[in-house]
Amino acid sequence: MLILLLYFFIVVIAVQLVYYLGIFRAFAFAKTQKITPKRIPVSVIVCAKNEEENVRKFIPLLAQQNYPDFEIVLIDDASSDNTLEIFEEFEKQYANIRLVKVQNNEAFWGNKKYALTLGIKAAKKDYLLFTDADCYPTTKDWLTAMTSQFTLHKTIVLGYGGYEKISKSFLNKLIRYETVLTAMQYLSWAKTGNPYMGVGRNLAYKKDEFFNVNGFISHIQVRSGDDDLFINEAANSSNTTIAYTPESFTYSEPKTSYSDWFKQKRRHVATAQHYKTLDKIQLAIFYSSQLLFILLAILLLSLQFQWIIVVSLIAVRYLASWTVVGFTAGKLKEKDIKFWFPIVEFSLILSQIYIFIANIFSKPVNWK
């Protein structure tokens with residue numbers, strides 16, 4: 001029986017090595033990316049619902065981008081606070097701001113995808129760049145960096161959206177590690193020709209891509225997923241590329257309580273259930289192997305069975321995964337994460353178990 005557990009442990013580690021050394025290394029060890037300005041006319045689209053504090057801080061940063069031809073499409077999704085009034089002030093202040101006012105209707109009440117669809121149709125430029133109302137670019141060259149990756153055939157660009165650092169906060173380290181892990185996956189799969197998701201905090205595509213798949217119609221009943229479900233349907237090896245220069249990053253203010261972060265992650269996990277079958281399988285295998293690695297390592301060590309072999313296998317797995325995560329974190333300017341890797345990885349696995357169980361018994365909260 002114990003020898004079978006050991007063999008199973010070896011299989012699990014082999015699966016992990018295939019992911020880390022066979023797939024995730026594609027991004028971790030990718031060459032430094034260059035920015036070649038394209039000067040493509042672009043519409044920046046921001047959808048906000050009750051975000052008055054964030055839009056007051058961050059919209060001016062978008063308006064100050066060093067780019068020759070862009071507009072900002074601000075979508076107020078039936079806010080009940082002062083978001084609309086602030087947007088109207090910006091519309092008067094900046095000539096390149098276009099305002100879309102969304103009123104709830106019976107068919108699409110509270111549906112962000114409906115609001116985004118109106119904004120996309122209102123956009124005057126052929127290329128669209130999306131970010132969230134609580135996000136901001138780190139430099140005035142964000143538009144240049146993201147649009148520089150467009151080519152005649154690459155009409156979808158996946159970017160990185162990180163979270164601000166909060167010192168002496170373990171939750172913040174956990175949030176940023178999970179963000180790095182997610183980015184490592186979708187950027188690596190895209191680089192190997194199998195894109196499956198993107199994040200709305202930093203995402204660009206040509207408007208034609210939206211209409212080619214009839215927008216969000218195939219998943220309009222799913223309240224979340226305007227970013228990842230759209231990319232899961234529209235992206236392929238021919239039309240998708242990635243942007244990962246530091247100038248292309250955006251950042252958001254992270255959650256500061258575990259309960260708020262769990263709610264956010266529950267929505268993300270629930271949305272992933274609507275991915276294509278093969279994408280769901282590859283994600284399930286990866287996360288299952290993560291959990292099985294921890295459980296079997298603990299079990300075999302506690303039983304002291306072939307402990308030298310077990311410790312050696314654990315060391316090989318950690319050497320491979322830690323190296324790949326470390327290089328990925330370095331590319332994404334999250335270097336401190338690699339020093340916490342074993343701890344945050346174990347904590348994230350426990351959190352994912354809780355989220356999975358919680359989603360079985362109740363539905364996660366959707367768009368505001």
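The shown structure was predicted, so the numbers you read here are calculated from the model rather than taken from an experiment. Each chain has its residues counted from 1, running along the sequence as written. Restriction of local features to residues with pLDDT of at least 70 applies here, the model being predicted, together with a cutoff of 80 or more for giving and counting side-chain atom pairs; totals for whole chains, interfaces and linings are based on all residues. Working from all heavy atoms in the structure, the side-chain values ignore hydrogens and water.

### Points about the overall build of the protein
Stage number 1. Secondary structure elements follow DSSP: runs of H or I no shorter than four residues count as helices, runs of E no shorter than two count as strands, and numbering proceeds from the N terminus. Across its full length, the protein holds 12 helices and 10 strands.
Stage number 2. Within these notes, the globule rule equals 2.2 Å times the number of residues to the 0.38 power, and the radius of gyration is based on C-alpha atoms. Relative to the 2.2 N^0.38 estimate, which gives 21 Å for 368 residues, the radius of gyration of the protein is 21 Å and therefore close to what a compact globule would have.
Stage number 3. Expressed along its principal axes, the backbone C-alpha trace of the protein runs to roughly 70 × 45 × 40 Å.
Stage number 4. Burial status across the protein gives 55% buried among its 368 residues.
Stage number 5. Whether two residues touch is decided by their heavy atoms; if any such pair falls within 4.5 Å, the residues are in contact. Within the protein, contacts between residues at least 6 apart in sequence are counted, and of these 85% link residues at least 24 apart.
Stage number 6. Roughly 16800 Å² of accessible area belongs to the protein as shown, and the carbon and sulfur atoms make up 59% of that amount.
Stage number 7. Think of it this way: Lys and Arg go in the positive column, Asp and Glu in the negative one, and His and the chain ends go nowhere. Where a charge lies is defined by one atom per residue type, namely NZ (Lys), CZ (Arg), CG (Asp) and CD (Glu). The averaged location of the 32 negative side-chain charges in the protein is 7 Å from the averaged location of its 41 positive side-chain charges. To sort residues, take the accessible area from a 1.4 Å probe on protein chains only and compare it with the maximum for the residue type: under 20% means buried, over 50% means exposed, and anything in between is partly exposed. For the area figures, the Shrake-Rupley method with a 1.4 Å probe applies, and any residue is considered shielded solely by the protein chains shown.

### Quick look at unusual backbone geometry
Stage number 1. Residue K168 is not a glycine yet carries a positive backbone phi of 60 degrees.
Stage number 2. Along the polypeptide, K168 turns up in the loop between β7 (161-163) and α6 (170-191).
Stage number 3. A positive phi is found at Q304, a non-glycine position, where the angle reads about 55 degrees.
Stage number 4. Tracing the sequence through the fold places Q304 in the loop between α10 (277-303) and α11 (307-331).

### A closer look at the pairing of strand β2 (residues 70-77)
Stage number 1. Along β2, 8 of the 8 residues are buried, which leaves the element largely enclosed by surrounding structure.
Stage number 2. Burial along β2 is two-sided: F70, I72, L74 and D76 facing one way and E71, V73, I75 and D77 facing the other are all buried.
Stage number 3. In terms of strand pairing, strand β1 (residues 42-48) meets β2 through 7 bridges, oriented parallel. Looking at β2, one finds that A48 is bridged to D76.
Stage number 4. Note on handedness: a crossover is taken as right-handed if, strands pointing away from the viewer, the path from the first strand over the helix to the second is clockwise. As a crossover connection, the stretch from β1 through helix α2 (residues 52-63) into β2 is right-handed. When DSSP finds two or more bridges between two strands, those strands count as paired.

### Focus on a nonpolar patch on the surface
Stage number 1. A patch is a set of surface residues, each over 30% in relative accessible area and not in a salt bridge, joined within 9 Å for like charges and within 5 Å for the nonpolar side chains Val, Leu, Ile, Met, Phe, Trp and Tyr. The salt bridge criterion pairs a side-chain nitrogen of Lys or Arg with a carboxyl oxygen of Asp or Glu, the two atoms within 4 Å. A surface patch of nonpolar side chains, about 820 Å² in accessible area, is lined by I298, F346, L350, I353, F356, I357, I360 and F361.
Stage number 2. Top contributing element to the nonpolar patch by residue count: helix α12 (residues 341-361), with 7 residues.
Stage number 3. Here I353 is to be found in helix α12.

### A closer look at the pattern of salt bridges
Stage number 1. Tallying each qualifying case throughout the model produces 12 salt bridges.
Stage number 2. A salt bridge links D226 to K112; the nearest nitrogen and oxygen atoms lie 3.8 Å apart. Here K112 lies in helix α4 (residues 112-122) and D226 lies in the loop between α7 (207-212) and α8 (228-234), a separation of 114 residues in the sequence. No difference in accessibility class separates D226 from K112, as the two residues are buried.
Stage number 3. Ionic contacts of the salt-bridge type, sharing partners, join the residues K165, R176, E334 and D336 into one network.

### Here's the deal with the sheet that holds β7
Stage number 1. Spatially, β5-β10-β7 is the arrangement adopted by the 3 strands of the open sheet, whose pairing is mixed. The sheet terminates laterally at β5 (135-137) and β7, the two strands that pair on one side only. Averaged over neighbouring strand pairs, the angle between their axes works out to 35 degrees when direction is ignored.
Stage number 2. Here β5 pairs with strand β10 (residues 250-252) via 3 bridges, running antiparallel. Residue pairing for β10: Y136 is matched across the bridge by Y251. Helix axes are fitted to C-alpha atoms over the stretch in contact, other axes to C-alpha atoms as well, and angles between N-to-C directions run from 0 to 180 degrees.

### What to know about helix α9 (residues 258-272)
Stage number 1. Expected helix span is given by 1.5 Å per residue-to-residue step, counting one fewer step than there are residues. Taking 1.5 Å per residue as the helical rise, α9 with its 15 residues ought to reach 21 Å, and the 21 Å between its terminal C-alpha atoms agrees with that figure.
Stage number 2. What α9 keeps buried is the set W261, F262, Q264, K265, R266, A270 and T271.
Stage number 3. Packing partners of the buried residues in α9 comprise β7, α6, α8 and α12.

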